[in-house]
Amino acid sequence: MEIPYIVNARKDTGLFNAKIAIWLFLASEVMLFGGFFSAYVFLRLGADYPWPERTLPVLPGLINTFVLIGSSVTVVFAWAALKLRNWRQFQIYMWITILCALLFMVLKGVEYNVKFHHQAVRLDDYSVVEGHLAYYDGTHIEKNRINIQLTEGSTIVYNNLRFHAKWVEEILAEAKAAGATLKLAADVKGAEGYSDEKETYFKAGAPLTVELLEKIAKAQISARNHNQTLRSKALADAWEIAKPKHPGQSDWEYSDKVSIDEKAIKPKLLTDILGATFKVDKSFEVSFKPRDVKEGAEQSKLRDDTVINGTLLPSPMEFHYMDAIDFQYLVMKAEKKGIKPEVAIANSWLMQNDPFVREIWAWHEAEITKLRQRLKDDYKLDEKGEPNRVPTHKEMYRIGWKEFAKYGEEKHKIDLSGTDKLKEEFMGPNYNARNPDEKEATSHNSNEEASHGHDSHAPLTFPHLSIPREQIGFASKFAPAWNTYYAIYFTITGLHGLHVVGGAIVLAYYLFFGRRMYDENPEWLCNRVEVGGLFWHFVDLVWIFVFPILYLM
Amino acid sequence: MANSVEEIQKSKKTYMLVFGLLLIGTVATVLVATVEALDIGEHGFDKWDAILGLIIATTKASLVGLIFMHLNHEKKAIYWIFIGALLLCASMFAILFLAKYSPIFDNFFYL
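Residues numbered from 1 in each chain as written. Chains lettered and ligands numbered in written order. Predicted model: local features only at pLDDT ≥ 70, side-chain atom pairs only at ≥ 80, totals over all residues.

Caption draft 1: The overall build of chain A, seen in detail. Looking only at helices and strands, chain A has 20 helices and 20 strands in total. Against the 2.2 N^0.38 benchmark of 24 Å for 553 residues, chain A shows a C-alpha radius of gyration of 33 Å, more extended than a compact globule. Taken along the three principal axes of its C-alpha coordinates, chain A extends 90 × 80 × 55 Å. For chain A, with 553 residues in total, the buried portion stands at 32%. For chain A, long-range pairs separated by at least 24 residues make up 72% of all intrachain contacts whose partners lie at least 6 apart in sequence. (Helix = DSSP H or I, 4+ residues; strand = E, 2+ residues; numbered from the N terminus. Rg over C-alpha atoms; globule rule 2.2 N^0.38 Å. Buried ≥ 20, exposed ≤ 12 C-beta atoms within 10 Å, placed from the backbone. Contact = placed C-beta atoms within 7 Å.)

Caption draft 2: Geometry of the sheet that holds strand S11 (residues 284–288) of chain A. With respect to topology, three strands assemble into an open sheet ordered S11-S5-S15 (chain A), the strand pairing being antiparallel. At either margin of the open sheet sits one strand with a lone partner, and together these are S11 and strand S15 (311–312) of chain A. (Pairing = 2+ DSSP bridges.)

Caption draft 3: Looking closely at the interface of chain A and chain B. Chain A puts 46 residues into the contact, and the matching count from chain B is 45 residues. The set of elements that each furnish at least two residues to the side of chain A that touches chain B consists of helix H1 (17–46), helix H2 (58–83), helix H12 (393–397) and helix H20 (522–552) of chain A. Residues of the side of chain A that touches chain B, tallied by class, amount to 30 nonpolar, ten polar and six charged. (Nonpolar A, V, L, I, M, F, W, Y, C, P; charged D, E, K, R; others polar.)

Caption draft 4: A look at the nonpolar core. Counting 66 residues, the largest nonpolar core has Ala78, Trp79, Leu82 and Ile544 of chain A as the members making the most contacts within it. Looking at this core, the elements that each hand over two or more residues are H1, H2, helix H3 (87–116), helix H18 (484–513) and H20 of chain A together with helix H1 (5–34), helix H2 (47–68) and helix H3 (76–94) of chain B. Looking at which element gives the most residues to this core, the answer is H20 of chain A, with 18 residues. Those residues within four positions of Ile544 of chain A in sequence are excluded, and the remaining contacts are Ala57, Lys60, Ala61 and Val64 of chain B. Listed in part, the 34 residues of the second largest apolar core include Val128, Ile325, Leu350 and Val357 of chain A. (Core = buried A, V, L, I, M, F, W, Y, C linked by C-beta atoms within 7 Å.)

Set out below in structure tokens:
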């Protein structure tokens, strides 16, 4: 069957059909991205925290803009080559387009990857610390775990229905290593099968295993099913008896008189298992990822509802490299309370406890004074005697990694090659080159040294920082969870990235499988490439807005 | 729609010209945002930087739409579709006027 209007225009629209179709699709895309951009504006206006403006790396974004604009030109040239029936040229331009798409995605991937490995912490006093957690110990590890001490007599209470087998095994492994055992503290009464009315016992003293927990969960499910069936049946029986006693009445008129005979049913019910308590007979420690446990001084709760009655040990979050200090949020909160920013900063946990923070903050304040003076000199005062230009909040209250790097260069005369500096624009700070004398292995082996690593002799641009667990308000990688800015950033750029991938696949299909159509009906392929190109231009067009809005504003 | 060989050769020159303009526009966007001497309004980011940045972006987007996507000589049907989408999009931004703060007239952008 011949498909109509693939080459010739329809009389009513004056266009071939695919073109109408792609424009309808692009119209829906305009609304989709428009919706996300308006969401961005709403989030920014409604943000109750300092919006991280101009925080993304500009250079990769700029290169990506060039790449996409370039590919937009090559795709339209590929179409023109087809129109001129020059297959070879079409191939060349299409190849360039697809390689551009690839390069774009690689740069985007690098950008995402850096974010996913970069840690942010908001302390309880709303100061923010950023940096890198991973220590190198043969493999990379992060010293960011909740440690709990179990002693003789401490208990772990498992939920009656659910548990995460991996965590059970982890606890068992720790116990085994310390020579400790976990035993069922008291008998647990439970049924074995659905129809089995006999109750079996899980005897006190049974050792903790995944199988035992499975059996207990199964017994609880059986008991619940059994009890529910009994109750349903008893209620049905009650209605059977009640019906003849109320002739001519609707059910609802006497429903309050129908009820289960609790006394008769009670002996037949099986016991509800409330949970299984296991007792520890010798001290050992367990540790979990912060996201898996809600910690408390004497009682912590895992995400699978397992309650651990043990003492919380010091569980600091250890920054291997601290690379930014941000007081913007703290200042915002302080100003709302009418506290002076300087006072709030001076009283912050970081300033009170970390000599390096005090040191770099003093340097930073001097820099800001210089900047303020320079702005006054360059841009003069207005008619009221106020300076025309003053440092921004971000400049005043945030020390980013570039300031850290500058301070390190000034203080320790650390010099990086041009290539290394260029690499930093893409990959973030180069910790190794800027902490030259630091030995990775020793910093891990001697814990003490690492956490008190502000040795004035070692030239550390990015020093260690140990944050006690109780100071941490919220912590996250630079992922959507960190704040609404990163949420909308990942949504918009991720969706745009999917469009790049999808568009590239379609264009690659024309390139690699278009030859037959080109031989049979070149104008048809030409129209297809035009339609695919229209989509590609749209992807470029979205990026033209994404780049300034997300990277430069 | 360009169909003859001469027309296509001619439009290729236009594409190269637009390519150049887009590159210049991109560099301009970055410069006005990063070079202090070109910073309009107050020091650092403020509403004027947002307005200027969006004007440049809109100009670039219009060039892509008009020349690369051939909107400068398209059939009526396409204009209707496109204008409809733009109107719906604009209405989504129009909800902003129901917001408590105006992005343009209230000094709310920094903080």
